[in-house]
Amino acid sequence: IFNNRYTLDFFIPREVIEKTKETMEALQKRNAAIQPSLAIIQVNWIYPVKNLKNKTISLCVGINMDFAVITEVLKLNEDPGVHGLYLHLPPASTTSRVLTALKPEKDVMEADAIVILEAGNMDLPPNWVKPGAVVFSCDPTHNTGTVLLRVCSSLSIIHSIWLLFLLQSPVLLFIQKNVVHSCTRWLQERQYQPWNLSSINLQPQTPVPSDIEISRAQTPKPVDQLAKEIGLLPEELEVYGRSKAKVRLSLLDRLQNQPDGKYVLVAGITPTPLGEGKSTVTIGLVQALSAHLKLNSFACLRQPSQGPTFGVKGGAAGGGYAQVIPMEEFNLHLTGDIHAITAANNLVAAAIDARILHESTQSDKALYNRLVPSVNGVRRFSPIQISRLRRLGMDKTDPASLTPQEINAFVRLDLDPSRITWHRVVDTNDRFLRKITVGQASTEKGQSREVWFDIAVASEIMAILALADGLEDMKTRLARMVVGTSRGGQPVTAEDLGVSGALAVLMKDAIKPTLMQTLEGTPVFVHAGPFANIAHGNSSVLADKLALKLVGQDGFVVTEAGFGADIGMEKFFNIKCRASGLQPNVVVLVATVRALKMHGGGPNVRLQTTELLEFSGCRSNLRKQIQIARLFGVPVVVAVNVFKTDTQAELDLVCQIAKECGASDAVPCHHWAQGGRGCIELAHAVNAAATRSNNFQFLYNLQLPLVDKIRAIAQQVYGADDIELSPDAKAKIDYYNQQGHGSLPICMAKTHLSLSHMPEKKGAPTGFILPIRDVRASVGAGFIYPLVGTMSTMPGLPTRPCFYDIDLDPVTEEISGLF
């Protein structure tokens, strides 16, 4: 073997050395931050491997050696920064359990030849050895441990064995080559992967069964299979059962250079109290795009609140043959995000009342000693307390160095009980919690006051979850939430209370979107759930961003805005798009014949004549909602959600008038009865509209005064003549301007049942003045929200709520009554 193919000192083939060097250089060019990394688990000594980043874990020999090794192996298996594993263990510890625990792709999975330096026989797991590979087991003379190596196929088997026996350097060279090879493979796996989506066949029945019967008849794919089909890596998935999983935000870093897909917003006309099917259209459209037109598409939906699920409206999983499945899991708890929001919100409320109590009953010194206690003889500020000191202008870190005046400023938030703006929340329509009195127990020492409850999805923390672009951004937003005002007129934040870090802990899992699927096996992100009439009414920025990367440049992400275009869509553009930096390509405006007849003057949800449909319904509300979408410069496609009571003449009339009113296209949709096949025409229309010119623009400049921004929405979107501010609203606006919040966008809290503030005014009302009775600030979420008319942030239960029909079979555990 002494010839010019080998270096004379180490007997290493030059081609192996040069190839490894070239591969390393190529890796560095692609990503300068990449450093191939080898992890070594050893007992007493290691080989000094050069030119690699090494992580050495030394373990002591003992009775639990197997457990210790396996624990470390499993940990390193999931570490994306480790590209190779080297086990340097005594023979007694190199057991089959240890070998089985090791991920083969980090060792010898693709080896042409495997040499085992081991005194006895050792069986490798079958999936470790590729077809045609040769395995040698031999008794080493220079090694007391076990070495599993990928041997270059350019060496003969005999040469490989001689080299391994003669010197340690060849061993090191091949280890190095292996790790570089593994790092290269790891980078390739992390590139964008084309989808390999397998759709699930639908067999629609006539008449259409109940939603829960349809959902139960379709078996969803395992969520890890779905994740693999759409290019997610195993380490990016946190599985919750068989059919849903959280997706880690590291995906955004991995695909940061991947171009976004096309962005489609589904909005609607002013709805009837029962809703017009925006969620159903959203799901039907993505089923048509992915399962039938073979275009990558993702639906991004909000998580339903327990309030409407058990109240009037029911769930939000879609309906008929356009649903997210399993619908029971979708509508009940999901992965616990709303519970996390409830817990975080009410922790803030508890912190507020506790702080008021303690400040009212203790001296400055006593408060200071309790807020900054001595632990094991050492007294120090926590990081969040140092942040408060900085905001107060104190550049001190030693608790003993504060003056009495500084101590007073530090410990006294001095919250004015009459100016606390933070409400408690519960995810139930409980009207008797709209106003209550707390602090009536004798232990609260007379600190009673009136407080309010909102429904959980109206919490500012829900809005923050929906608008944050990452964990750091969410933590910053949580910290700056204003909970009230001091007696001196200064805002008091969650960070002042010292609670913002704990809130981030409660929300750390909720920030990850939940992956589910439609009836036809197409992917869905379910994340966040703010109401559109009392919040901004859109699913999360993060879900949209993740989906836009996953679908690829030619794919589609279809997301839904709550209620009519005057509410959810306006807030999507002016609030969500500002926060995300994303621009939509198409608006799909959902209309129904029944709603248009109602706007024509007929009673709610009752059939009327075609005259009402044409002259009042279509030419008032539909026209106005199309105009609102066109204000933002985005093409509009009208989707007419077909009901079995609609006639063909009515459907043709709505489509004709929609096009006359400025829609790019208008098509009837039969997804409820047919699934994705019934939405193919809409999918083609959306695909065509997405190729047209897009002149997206915001309705107002953020630097406009708050009053002018409110007036712009009232006049240009709602059709009002002007606005009227109550004295309280004027005072609040002045206060927010003083605090530097005048450049925030506007989130109007308004009824969803009319373009005006009057629910009974249908069609497209004009000639009215929009009353602004109050103005509040969600500083953490990043918007100002005026309250229009008599808006309630806590819905009530009707005489006969949905829960009358919801039940559980104790034998089969099947749920009935959900819809």
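About the cut-offs
Residues numbered from 1 in each chain as written. Predicted model: local features only at pLDDT ≥ 70, side-chain atom pairs only at ≥ 80, totals over all residues. Heavy atoms only, no water. UniProt positions renumbered as here; feature names shortened; annotations may be inferred. Helix = DSSP H or I, 4+ residues; strand = E, 2+ residues; numbered from the N terminus. Buried < 20%, exposed > 50% of the residue type's maximum accessible area, 1.4 Å probe, protein only. Areas by Shrake-Rupley, 256 points an atom, 1.4 Å probe, with all protein chains shown as cover. Pairing = 2+ DSSP bridges. Axes fitted to C-alpha atoms, helices over the stretch in contact; angles between N-to-C directions. Contact = heavy atoms within 4.5 Å. Patch = residues over 30% accessible without salt bridge, like charges linked within 9 Å, V, L, I, M, F, W, Y side chains within 5 Å. Salt bridge = Lys/Arg side-chain N within 4 Å of Asp/Glu carboxyl O. Core = buried A, V, L, I, M, F, W, Y, C linked by side-chain atoms within 4.5 Å. pLDDT = per-residue confidence, 0-100. Parallel < 35°, antiparallel > 145°, perpendicular 65-115°, else oblique. Arc of directions from axis to C-beta. Phe/Tyr/Trp six-rings, centres within 6.5 Å; stacked < 30°, edge-to-face > 60°. Lys NZ or Arg CZ within 6 Å of the ring centre and 35° of its normal. 1 Å grid on protein atoms, 1.4 Å probe; cavity = no way out; pocket = protein on both sides within 12 Å on 5 of 7 lines; lining within 4 Å. Points joined across faces, edges and corners; volume = space filled by probe spheres on them. Nonpolar A, V, L, I, M, F, W, Y, C, P; charged D, E, K, R; others polar. Domains from an automatic or database assignment. Left-handed = near helix turned anticlockwise from the far one by under 90°.

The protein has the name formate--tetrahydrofolate ligase in an unreviewed UniProt entry, where Takifugu rubripes is given as its organism. According to UniProt, the comment filed for the protein under the heading Pathway (unreviewed entry) is "One-carbon metabolism; tetrahydrofolate interconversion."

Draft legend 1. Seen up close, the overall build of the protein. Within the protein one finds 28 helices and 31 strands. When each of the 819 residues of the protein is scored for burial, the buried share is 57%. Carbon and sulfur atoms make up 53% of the accessible area of the protein, which totals about 34,000 Å².

Draft legend 2. Quick look at the sheet that holds strand β20 (residues 491–493). With respect to topology, three strands assemble into an open sheet ordered β14-β19-β20, the strand pairing being antiparallel. Strands with a single pairing partner mark the edges of an open sheet, and in this sheet they are β14 (415–420) and β20. Across the sheet, the mean angle separating the axes of adjacent strands is 50° when strand polarity is ignored. Strand direction decides the pairing type here: β14 and strand β19 (residues 482–486), joined by two bridges, are antiparallel. Directly across from Leu 415, in β19, lies its bridge partner Ser 486. Where helix α12 (residues 337–361) meets the sheet, it contacts β14 and β19, and its direction lies at approximately 130° from that of β14.

Draft legend 3. Quick look at helix α20 (residues 541–551). Of all 11 residues in α20, 11 are buried; the element is thus mostly enclosed. Taken together, the buried positions of α20 are occupied by Val 541, Leu 542, Ala 543, Asp 544, Lys 545, Leu 546, Ala 547, Leu 548, Lys 549, Leu 550 and Val 551.

Draft legend 4. Inspection of a nonpolar patch on the surface at higher detail. Taken together, the side chains of Leu 797, Phe 803 and Tyr 804 present a nonpolar region at the surface, about 290 Å² in accessible area. Positionally, Leu 797 belongs in the loop between β29 (783–788) and β30 (807–808).

Draft legend 5. Summary view of the nonpolar core. Leu 515 and Leu 622 are the most contacted members of the largest nonpolar core, which totals 144 residues. Residues Leu 334, Ala 639, Leu 682 and Ala 683 belong to the second largest nonpolar core, which totals 38 residues.

Draft legend 6. The sheet that holds β29, seen in detail. Taken together, the three strands give an open sheet; going across it, the order is β27-β28-β29, and neighbouring strands pair in mixed fashion. The strands lining the two open edges of the sheet, one partner per strand, are β27 (722–725) and β29. Pairs of neighbouring strands in the sheet enclose a mean axial angle of 50°, with direction left out of account. Relative to strand β28 (residues 769–778), β27 is paired through four bridges, and the arrangement is parallel. Residue Asp 722 lies in a different strand from β28, and its bridge partner there is Ile 769.

Draft legend 7. Structural detail: the confidence of the model for the protein. Mean pLDDT over the protein: 85, with 84% of residues reaching 70 or higher. Counting interchain partners and residues more than four positions distant, the pLDDT-below-50 stretch residues 142–168 has 82 contacts.

Draft legend 8. Up close: the packing of helix α9 (residues 278–292) against helix α26 (residues 680–689). Direction vectors running N to C along α9 and α26 enclose 80°, while the axes themselves pass 8 Å from each other. On the basis of the axis angle, α9 is roughly perpendicular to α26. Contact residues: Val 281, Leu 285, Ala 288, Leu 289 and His 292 in α9; Ile 680, Leu 682, Ala 683 and Val 686 in α26.

Draft legend 9. Region of the structure containing α26. Listing the buried residues of α26 in full gives Leu 682, Ala 683, Ala 685, Val 686 and Ala 689. The arc that holds every buried residue of α26, seen down its axis, measures 165°, which confines them to one face. Summarising the contacts, the buried residues of α26 are in contact with β8 (262–268), α9, β23 (556–560), β24 (586–591), β25 (636–641) and β26 (665–669).

Draft legend 10. Geometry of the packing of aromatic side chains. Under the criterion given, the structure shown has 12 aromatic pairs. Ring centres 4.4 Å apart and planes at 40° place the aromatic pair Phe 573 and Phe 632 in the tilted group. With Phe 573 in helix α21 (residues 565–580) and Phe 632 in the loop between α23 (610–631) and β25, this residue pair connects regions lying 59 residues apart in the sequence. Classification of Phe 573 by relative accessible area gives buried; the value is 0%. Aromatic rings pair up to connect Tyr 263, Phe 572, Phe 573, Phe 632, Phe 696 and Phe 698 into one cluster. Sitting over the ring of Tyr 735, Arg 419 keeps its end group 5.8 Å from the ring centre.

Draft legend 11. Representation of the layout of surface pockets within the structure. Roughly 1,100 Å³ of internal volume is contained in the second largest pocket. Along the walls of the second largest pocket sit 44 residues, with Ile 420, Thr 421, His 423, Asp 774 and Arg 776 positioned nearest its centre. Of the residues assigned to the lining of the second largest pocket, the class counts are 21 nonpolar, 12 polar and 11 charged. Each of two domains, domain 2 (338–507) and domain 3 (706–787), supplies a minimum of three residues to the lining of the second largest pocket.

Draft legend 12. Seen up close, the packing of α12 against helix α16 (residues 460–467). α16 packs onto α12 with a crossing angle of 130° between their chain directions and a minimal axis gap of 9 Å. Judged on the interaxial angle alone, α16 and α12 are oblique. The handedness of the crossing between α12 and α16 is right-handed. Listed contacts from α16 to Ile 338, Ile 341, Ala 344 and Asn 345 of α12 are Ile 461, Met 462 and Leu 465. Residue composition of the contact of α12 with α16, grouped by class: six nonpolar, one polar and no charged.

Draft legend 13. Layout of unusual backbone geometry. Put simply, Thr 206 and Pro 207 share a cis peptide bond, and its omega is -5°. Of note, Pro 207 is situated in the loop between α5 (169–189) and α6 (211–217). The omega angle of the peptide bond from Ile 325 to Pro 326 is -10°, so this bond is cis rather than trans. With respect to the helices and strands, the residue Pro 326 is situated in the loop between β11 (322–325) and α11 (327–331). With a phi close to 55°, Asp 414 is a non-glycine residue in the positive phi region.

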